[in-house]
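Residue-level structure breakdown
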Amino acid sequence: MNLDFQDEEGPFGFLRLRVRAGYATPLFPDEPLFRTFRERNLIVHLWPYLRLYVDFLTAQMGLPRLVLPAWKV
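Now for a quick tour of the structure. (Residues numbered from 1 in each chain as written. Predicted model: local features only at pLDDT ≥ 70, side-chain atom pairs only at ≥ 80, totals over all residues. Heavy atoms only, no water.)

1. Things to note about a nonpolar patch on the surface
On the surface, Tyr49, Leu52 and Tyr53 cluster together to form a nonpolar patch covering roughly 320 Å² of accessible area. Topologically, Leu52 is positioned in helix α2 (residues 42–60). (Patch = residues over 30% accessible without salt bridge, like charges linked within 9 Å, V, L, I, M, F, W, Y side chains within 5 Å. Areas by Shrake-Rupley, 256 points an atom, 1.4 Å probe, with all protein chains shown as cover. Salt bridge = Lys/Arg side-chain N within 4 Å of Asp/Glu carboxyl O. Helix = DSSP H or I, 4+ residues; strand = E, 2+ residues; numbered from the N terminus.)

Structure, rendered in structure tokens:
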């Protein structure tokens, strides 16, 4: 996720976030099933963590807290 911050005077900061997820399963799904899982489920699982990081980091930077909206399926 890339977030660029700017005000009326122009850009003044940015956040670059990368989140990694690991799943454990005894049987790896075939490629079509994994592609569907990746495209539909991963963002639902990772979005709450991205929201938390953005909120926390903007507050730590002394900026107004930026709370991203909930992901709606």
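2. Looking at the nonpolar core
Listed in full, the eight residues of the largest apolar core are Leu3, Phe5, Leu15, Leu17, Trp47, Leu50, Val54 and Leu68. If you list the elements that add at least two residues to this core, you get β1 (2–7) and α2. It is α2 that contributes the most residues to this core, three residues altogether. Ignoring anything within four residues of it in the chain, the contact list for Val54 reads Met1, Leu3, Leu15, Leu17, Leu66 and Leu68. (Core = buried A, V, L, I, M, F, W, Y, C linked by side-chain atoms within 4.5 Å. Buried < 20%, exposed > 50% of the residue type's maximum accessible area, 1.4 Å probe, protein only. Contact = heavy atoms within 4.5 Å.)

3. A short note on the pairing of β1
Sheet topology places β1 next to strand β2 (residues 10–16); six bridges connect them, and they run antiparallel. Among the inter-strand pairings, Asp4 is bridged to a residue of β2, identified as Phe14. (Pairing = 2+ DSSP bridges.)

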